[in-house]
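Okay, here's what each chain looks like letter by letter:
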Amino acid sequence: MAPRRARPRKHAGKRRSRQSSPPVRVAFGRARRRLVVVWSLVVAAIAAASYVLWLDRTVTAQFEGRRWQVPARIYARPLEIYPGAPLTPEVLATELEAAGYQSGSVERAGGYLRRGDAFSINLRGFRFWDGEDPPRQLSVTLKDGKVQRLADGTRNIPLVRLQPALVGRIYPGHGEDRILLRLEEVPPLFIKTLLTVEDRGFYRHSGVSIRSMLRAFMANIRAGETVQGGSTITQQLAKNFFLTPERTITRKLNEALIAVLLELHYEKNEILQAYLNEVYIAQQGPRAVHGFGLAATFFFGRRLVELKLSEMALLVALVRGPSYYNPRLHPERAKFRRDLVLDMMEEQGVVPREKTEAEKRRPLGVLEEVPVGQSRYPAFLDLVRRQLRRDYRDEDLRGAGLQIFTTLDPLLQRRAESALSARVRQLELDSARLGPGTLQGAVVLTRTTTAEVLAVVGGRKPREAGFNRALDAVRPIGSLVKPAVYLAALEQPGRFSLITPIDDAPVRLKDERGKIWAPRNYDNQLHGSVPLYVGLSNSYNLATVNLGLELGIPRVAETLERLGVTRPLPQYPSMLLGAIELSPLEVTQMYQTIAAGGFLTPLRAIREVTDANGSPLTRYPLNVTQSVAPGPVYLLGHALTEVMRSGTGQSAYRRLPEGLVTAGKTGTTDELRDSWFAGFTENILAVVWLGLDDNKPTGLSGTTGALEVWSHLVSGIRSESFLPTAPDNVVFSWVEPVRIGSRGFGFNCADARRLPFIRGFQPRDEHCGQDDAMTPMPPMPPLDRH
Amino acid sequence: MAISLAGCATGRQPAPVEELGAPAGTTLGTPSQGGVPSAMGVPPTGEAVTIPLGEPGLPATAAGAPPGSGVGPAPANPAVVALLNDANLAMQNGRNDRAAASLERALGIEPRNAWLWHRLASTRFQQGDLSQAAALAAKSNSFASPDRKLQAANWRIIADVHRRQGEVDAARSAEEKAAGLEIP
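Predicted, not measured: the structure shown is a model, and the values here were computed from it. (Residues numbered from 1 in each chain as written. Chains lettered and ligands numbered in written order. Predicted model: local features only at pLDDT ≥ 70, side-chain atom pairs only at ≥ 80, totals over all residues. Heavy atoms only, no water.)

Enquirer: Is there a simple way to explain the pattern of salt bridges in this structure?
Expert: It is possible for side chains bearing opposite charge to pair when their charged atoms get close. Counted under the stated rule, the structure contains 63 salt bridges over all chains. A:Glu80 is the partner of B:Arg105 in a salt bridge, and the nearest nitrogen-oxygen pair spans 2.7 Å. Remark: A:Glu80 occurs in strand β2 (residues 80–81) and B:Arg105 occurs in helix α4 (residues 96–109); the pair is interchain, linking two chains. By the burial criterion, B:Arg105 is buried, and A:Glu80 matches it. A salt bridge links A:Arg169 to A:Asp177; the shortest N-O distance between them is 3.0 Å. Overall, the relative accessible area of 6% leaves A:Arg169 in the buried class. Among the charged side chains, a salt-bridge network with shared partners connects A:Arg447, A:Glu452, A:Arg604, A:Arg607, A:Glu608, A:Arg619, B:Glu104 and B:Arg124. (Salt bridge = Lys/Arg side-chain N within 4 Å of Asp/Glu carboxyl O. Helix = DSSP H or I, 4+ residues; strand = E, 2+ residues; numbered from the N terminus. Buried < 20%, exposed > 50% of the residue type's maximum accessible area, 1.4 Å probe, protein only.)

Enquirer: What is the right way to read the confidence of the model for chain B from this model?
Expert: Detailed reading of the predicted model is not advised wherever pLDDT is low. Taken as a whole, chain B shows an average pLDDT of 70; of its residues, 59% reach a score of 70 or greater. Segment residues 1–73 of chain B: pLDDT under 50, and 118 contacts once partners within four positions in sequence are set aside and those in other chains are kept. (pLDDT = per-residue confidence, 0-100. Contact = heavy atoms within 4.5 Å.)

Enquirer: I keep staring at the packing of helix α11 (residues 331–347) of chain A against helix α12 (residues 353–361) of chain A and nothing clicks. Help me out?
Expert: To describe two helices that pack against each other, one gives the angle between their axes and the distance between the axes. All names here are of chain A. Packing of α11 against α12 leaves a shortest axis separation of 9 Å and a crossing angle of 170°. Relative to α12, α11 is oriented roughly antiparallel. In contact with Lys335, Arg338, Asp339, Leu342, Asp343 and Glu346 of α11, α12 contributes Arg353, Thr356, Glu357, Glu359 and Lys360. A per-class count over the contact of α11 with α12 returns 1 nonpolar, 1 polar and 9 charged. (Axes fitted to C-alpha atoms, helices over the stretch in contact; angles between N-to-C directions. Parallel < 35°, antiparallel > 145°, perpendicular 65-115°, else oblique. Nonpolar A, V, L, I, M, F, W, Y, C, P; charged D, E, K, R; others polar.)

Enquirer: I'm lost on the environment of A:Leu707 in this one. Help?
Expert: Residues and elements named next belong to chain A. With respect to the helices and strands, leucine 707 occurs in helix α23 (residues 706–715). A C-alpha to C-alpha distance of 9.5 Å links leucine 707 and glycine 664, two positions 43 residues apart in sequence. In this view, leucine 707 contacts Met644, Thr648, Gly649, Ser651, Ala652, Phe677 and Gly702; residues no more than four positions away in its chain are not counted.

Enquirer: Looking at this structure, I do not really get the packing of helix α3 (residues 78–92) of chain B against α4(B). What am I missing?
Expert: Residue and element names in this part refer to chain B. The interhelical angle for the contact between α3 and α4, taken along N-to-C directions, is 170°, at an axis separation of 7 Å. Relative to α4, the element α3 lies roughly antiparallel. Contacts from Ala79, Val80, Leu83, Leu84, Asp86, Ala87, Ala90 and Met91 of α3 reach α4 at Asn96, Arg98, Ala99, Ser102, Leu103, Arg105, Ala106 and Ile109.

Enquirer: Help me understand the packing of aromatic side chains, please; the structure alone is not making it clear to me.
Expert: Pairs of aromatic rings are described using the distance from one ring centre to the other and the angle between the two planes. Residues and elements named next belong to chain A. One pass over the full model with this rule turns up 15 aromatic pairs over all chains. Judged by centre distance (5.0 Å) and plane angle (80°), the rings of phenylalanine 202 and tyrosine 203 are edge-to-face. Residue phenylalanine 202 is classed as buried on the basis of its relative accessible area, which comes to 0%. Ring centres of phenylalanine 298 and phenylalanine 299 lie 5.0 Å apart, and the angle between their planes is 90°; this geometry places the pair in the edge-to-face category. The ring of tyrosine 101 carries the charged tip of arginine 124 above its face, separated from the ring centre by 5.1 Å. The ring centre of tyrosine 324 lies 4.0 Å from the NZ or CZ of arginine 333, which sits over that ring. (Phe/Tyr/Trp six-rings, centres within 6.5 Å; stacked < 30°, edge-to-face > 60°. Lys NZ or Arg CZ within 6 Å of the ring centre and 35° of its normal.)

Enquirer: Looking at this structure, I do not really get a nonpolar patch on the surface. What am I missing?
Expert: Together, A:Leu35, A:Val38, A:Trp39, A:Val42 and A:Ile46 make up a nonpolar patch on the protein surface, roughly 470 Å² of accessible area in all. Among the structural elements, A:Leu35 can be located in helix α2 (residues 26–64). (Patch = residues over 30% accessible without salt bridge, like charges linked within 9 Å, V, L, I, M, F, W, Y side chains within 5 Å. Areas by Shrake-Rupley, 256 points an atom, 1.4 Å probe, with all protein chains shown as cover.)

Enquirer: Quick question: what am I supposed to make of unusual backbone geometry here?
Expert: Most peptide bonds take the trans configuration, and most residues that are not glycine carry a negative phi. At the junction of B:Ser145 and B:Pro146, the peptide bond is cis and its omega measures out at 5° in the coordinates. With respect to the helices and strands, B:Pro146 occurs in the loop between α6 (130–144) and α7 (148–164). Unusually for a residue other than glycine, A:Glu671 sits at a positive phi of about 55°. One can find A:Glu671 in the loop between β29 (663–668) and β30 (674–680).

Enquirer: How should the interface of chain A and chain B be read in this particular structure?
Expert: The parts lose accessible area when they come together, and the size of an interface is often stated as this lost area. In this assembly, 31 residues from chain A lie in contact with 35 residues from chain B. Summed over both sides, the interface of chain A with chain B buries roughly 3,000 Å², with 54% coming from carbon and sulfur. Among the residues of chain A in contact with chain B, A:Arg619, A:Leu622 and A:Val624 are the three that bury the most area, contributing 19% of the side total. At the junction of chain A and chain B, the tally comes to 4 salt bridges. With its nearest N and O atoms 2.9 Å apart, the salt bridge here joins B:Glu104 to A:Arg619. For the interface between chain A and chain B, the tally reads 12 residue pairs in polar contact (both at pLDDT 80 or more). Mapped by element, the contributors of at least two residues to the side of chain A that touches chain B are β27 (616–619) and β28 (625–626) of chain A. Tallying contributions element by element places β27(A) first for the side of chain A that touches chain B, with 4 residues. Tallied by class, the residues present in the side of chain A that touches chain B amount to 15 nonpolar, 8 polar and 8 charged. (Buried area = accessible area lost by both parts, 1.4 Å probe. Polar contact = N/O pair within 3.5 Å; in protein donor to acceptor, adjacent residues only side chain to side chain.)

Here it is, written out as structure tokens:
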């Protein structure tokens, strides 16, 4: 802006100097001098006129083009409240606070009251992607961890969405932040307050007001310092809007000139609206708070319409000196000036004396903490940003005021963060090897049914942006690959079932460079012939390699691809034991497909994007692809529950409730460098990685490390047992696990268990209890936990 | 063409709504046979639909079957019913995207409700997203057992998708599956 303004003036100056060469002869001289004067005047007039024209064009272009850079706002998912919904009073209170609601009174929108299990909420209206949800007087009654009753006033309603919590912003380069307001959204009392203090003649003057300049001049002389500014609202806008902050006569003149031009082109109300959005009110680090819409949130956590007179007066008071009157740093100064504003209101007859006296008795009411400035969840927002970059240009993300509705569940996000931080600290204490503060980790949490990402933790210090391990720590996945090997087998029901014997016997292979590859089991034992599902649940390396070699590596690789792994896969045998490098997020995608019954759904962190006015721009719908047949994936799911019941995951039940059916897989890499666990219930999938940033060994296996974090996390989350509906082509049969392989299918009903088979490939003739090949597993009661 | 017409019908939008992942240029319309998805679009009265649930999209041929027989996974949850009503309303107004959004919200509440997945499949079909329609119908079927009627309705969607894609044999085989399931 400034350099462009400077250019024409310089130009004009040059021309002027060319005209003034010294006269030679006197007789000729006088006429010539006159000519020079005339020419100079003409040139000066042309220069001035073109400057004004240029200024006029710039001013109108600025005013009409995109005037404001508004950061993108990122929201968490809205909480759905409906009778029967699982919800405790603590959770509801936390959600309300996160959504910017204030406890204590329902007098104003955005307030709530809690009496035991009953909540009254003065619900704000909110514009969602699919329309405006109206404001309501809600009452919510909770009982036994559930919503018992939901009413709007006295009328019962079936459901309501809480406005979502604002969890982050994507700022323009210069850090300006604002919430745009339309004039009709601004309370008339606020406008009266503003004009009373800043520009009483606003609707009468034409940009500059000689009267108020004189008045200010006199007042300042009397006071011996600057106590009043004589600038009109229009001049202040011109100053804020177009000019640099130096205090010179030229600037004052420019300001006045721009003010007059603005008044020539625009309606008073357009100018006022621009001012309300432009005025600079506060600073927080690199973030510059502009406009009264954001100011109301920044200081009071409220919308402008919700403010009391005393609060409006404070905001107007701040215009004169945002840092001098900063109410968080200088509350006395701020109160003094606020009361002065209230006095002016009374003086001018805007409000009666009793009212201003009452308002003056109020405290400032400013929130101690600034509501969400920088992001609290940098790792999750990192994922959101990456997904957005595929569809939006950076400048639109930063400046166009997009509203981004994500799938983040703030409560689960916090649980995941604290599970990781607390466990890694404990693991370090328990370990002789790990130095304090060195063990790192990542967690990704999704909703299995919709593939929505609920939480992302990128490291043990979740508030610190930086290396996002959930997305960028690409590590060998170890035994996490095994389900793909077993799934590839189960997809051939003619050859493999869950009880097909496989050999846990030594393997010696030469790789392409002639090096011998001879993997061993984690326990260094050989287990002989084991049923297929035991090879998986006990994570036997040799059984898995033998199975994988029998299937062929390309087939395993192809299965991994169908599960959603997109990275190029190595085609050598060590890949069967997880010599494949993936990030925790990529692992999550793979297990998401297993947890969702073979339906591949790309992980989603964003539901919708709207423009600054709430008009929908992009929706990211739920898309599914059936990439694995339901039968085999059901059998695999069953084997993965066996991991938790009797295999490498069983220690999780030291914390998990006994009746909660879960499925999962541990992963450990060479020399205990990476500790993984991926596991799910009916509705939640969590993937945990632990390791060191320098890739040195941690001394932790999947079981002793990541599973610890996982079980802490999952035991604290309300979730339901993993009991998928058996596909029509799956039947159950009783088999006795111990003797499989050595003696065929013996049947000792005391030890026998029911396992699923693809119809037509189940063992025959076994009857323990009231077996019925069609009955699925006996359901266990789902558990509600918090 | 069909898409641009739909755009006009909703009036001038300040910004186009873009469904990511939806195939471009596919035609909109209802499935052939009028059956499956048509049962959902229009509620019986102009008012709110109370329970449109016991009737998993009767195919035209089975229209004479007594209503309520082989009742699907009728969501008793009033929140889900309310969202289904919203979806119906949105579809009547030609707002298939909004209908889909309401159904997805309902699935957030009852993720294993086969009926909701079926409705989402029909909505996608109407949006012209054939591959999603078929995949969602299959997803519905993964929860639909033992509701044979609903399973049949899903196979009808799959058959319609195959037919539109010119896969005659696959369409016939899906129809046979549907017919088999419709036999009481």
